[in-house]
Amino acid sequence: MLKGNTGEYIAARKKELNAVIMAHYYQPPEIQDIADFVGDSLQLARQAAESSAEVIICCGVKFMAESAKILSPDKIVILPCPDAGCPMADMATASELRKKKEQYPDAIVVTYVNTSAEVKAESDICCTSSNALKVVRSIPEDKEIIFVPDKNLGRYIQTQTGRKMILWDGYCPVHDRLTADDLNKQRKLHPQALTTVHPECQPEITARADAVRSTAGLLEYIKGSPAQEFILGTETGFVYTLNKHCPDKKVYLAYNDFICPDMKFITLENLALSMQNMETQIEVDSQVSIKAREALERMLNIS
Ligand code: SF4
């Protein structure tokens with residue numbers, strides 16, 4: 001049990017360790033507030049690669065901490081709650097992907113960062129929701145693409161690029177749960193609001209939206225829009241981010257419990273304990289790491 005003020009302990013321990021605390025936009029408000037950097041998956045991956053800190057504390061889910069370790073193999077990467085995973089990432093395994101590659105031996109494998117290190121290692125290039133369009137457009141037209149694992153993001157990219165892709169049957173249970181009925185109810189309640197959604201939502205949702213963007217993209221869109229009210233089709237933690245950055249705008253969640261439970265595992269208390277005990281340190285097999293890093297760096301080089 002920690003004694004005294006938890007926030008003060010975290011600040012002092014961070015200095016002692018030469019650590020940086022990175023948090024995803026879906027983290028609880030108190031974790032976003034204590035972090036040195038808050039961002040989406042692409043921004044966190046970049047920060048991890050560029051950071052001069054010796055220890056990276058990753059307040060997010062496992063695939064994010066793995067990406068940080070892959071991009072910064074000499075640093076200590078800590079995930080405060082080892083159980084914080086991603087159900088979508090669990091929908092694709094390396095052995096399943098190897099079988100798919102045997103079926104389509106000439107295809108390029110584009111893998112969303114929301115995957116395990118082993119799946120990334122089987123991939124040609126990674127993408128995030130921020131850069132998926134750019135990544136797909138960088139692939140020659142005559143090449144088939146296997147897109148892993150989010151079928152909703154994949155379908156959205158198909159509508160934007162006209163590319164046919166072999167889509168994995170995965171999805172984010174949190175974004176996929178938003179239905180057209182939920183959205184219509186909110187639109188009736190707030191007829192003047194613009195509908196802004198994440199591309200992990202179902203095609204019937206993205207087709208109805210005024211803007212489809214990654215979380216970082218939604219922040220820019222809402223900040224820059226002259227509109228005052230927005231229906232938000234993404235995780236509830238992001239409402240806090242938006243309220244901080246654009247306090248004058250009104251944001252309504254597209255459905256009430258738009259919550260990713262895994263993103264809520266980290267608290268100030270277990271963050272402080274993880275820093276005290278240096279747990280849980282993320283390790284990635286060196287051969288897996290080398291291959292996964294190539295796929296991540298190809299993405300970082302084009303976006
Ligand atoms: S919001 Fe969806 S994609 Fe993101 S960590 Fe949660 S389950 Fe995974």
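Please refer to the structure higher up on the page.
All chains use their own residue numbering, which begins from 1 and follows the written sequence. Side-chain atom pairs in this predicted model are given and counted only at pLDDT of 80 or more, local residue features only at pLDDT of at least 70, and totals for whole chains, interfaces and linings cover all residues. Values reported for side chains reflect all heavy atoms of the structure, with hydrogen atoms and water molecules removed beforehand.

Student: Quick question: what am I supposed to make of the sheet that holds strand E12 (residues 250–253) here?
Tutor: Pairing between two strands is assigned when DSSP locates at least 2 bridges connecting them. Numbering of helices and strands starts at the N terminus; helices are DSSP runs of H or I of at least 4 residues and strands are runs of E of at least 2. Strand order across the open sheet formed by four strands is E10-E9-E11-E12, with parallel pairing between neighbours. The two strands at the open ends of the sheet, each matched to only one other strand, are strand E10 (211–212) and E12. Sheet topology places strand E9 (residues 194–197) next to E10; two bridges connect them, and they run parallel. The partner of Thr196 across the bridge, within E10, is Ala211. Contacting E9, strand E11 (229–233) and E12, helix H10 (residues 180–189) runs over the sheet at an angle of about 170° to E11. Docked against the sheet, helix H12 (residues 215–224) engages E9, E10 and E11, running at close to 160° with respect to E9. Contacts are residue-level and defined by heavy atoms, with any inter-residue pair within 4.5 Å sufficient. Simply put, an axis is a line fit to the C-alpha atoms, just over the touching stretch for a helix, and the angle between two N-to-C directions goes from 0 to 180 degrees.

Student: Explanation requested: the site of the ligand in the structure shown.
Tutor: To be near a molecule or strand, a residue needs just one of its heavy atoms within 4 Å of it. Near the ligand you find Tyr26, Cys86, Pro87, Met88, Asn114, Cys172, Glu200 and Cys260, and these make up its full shell. Under the scheme applied here, ten amino acids are nonpolar (Ala, Val, Leu, Ile, Met, Phe, Trp, Tyr, Cys and Pro), four are charged (Asp, Glu, Lys and Arg), and all others, including Gly, are polar. Within the shell around the ligand, the residues separate by chemical class into six nonpolar, one polar and one charged.

Student: Explain the nonpolar core to me, please; I cannot follow it from the model alone.
Tutor: Inside soluble globular proteins, nonpolar side chains tend to come together where they are buried. Residues Ile57, Leu232, Leu271 and Met299 are the most contacted members of the largest nonpolar core, which totals 99 residues. Once residues lying within four places of it in the same chain are set aside, the contact partners of Leu271 are Ile10, Ile31, Ile34, Ile57, Cys59, Pro80 and Ile266. Within the second largest apolar cluster, nine residues are counted, among which are Ala92, Val119, Ile146 and Val148. Among buried residues, the Ala, Val, Leu, Ile, Met, Phe, Trp, Tyr and Cys ones that are joined through side-chain atoms within 4.5 Å form a nonpolar core. Residue exposure (1.4 Å probe, protein chains only): buried if accessible area is under 20% of the type maximum, exposed if over 50%, otherwise partly exposed.

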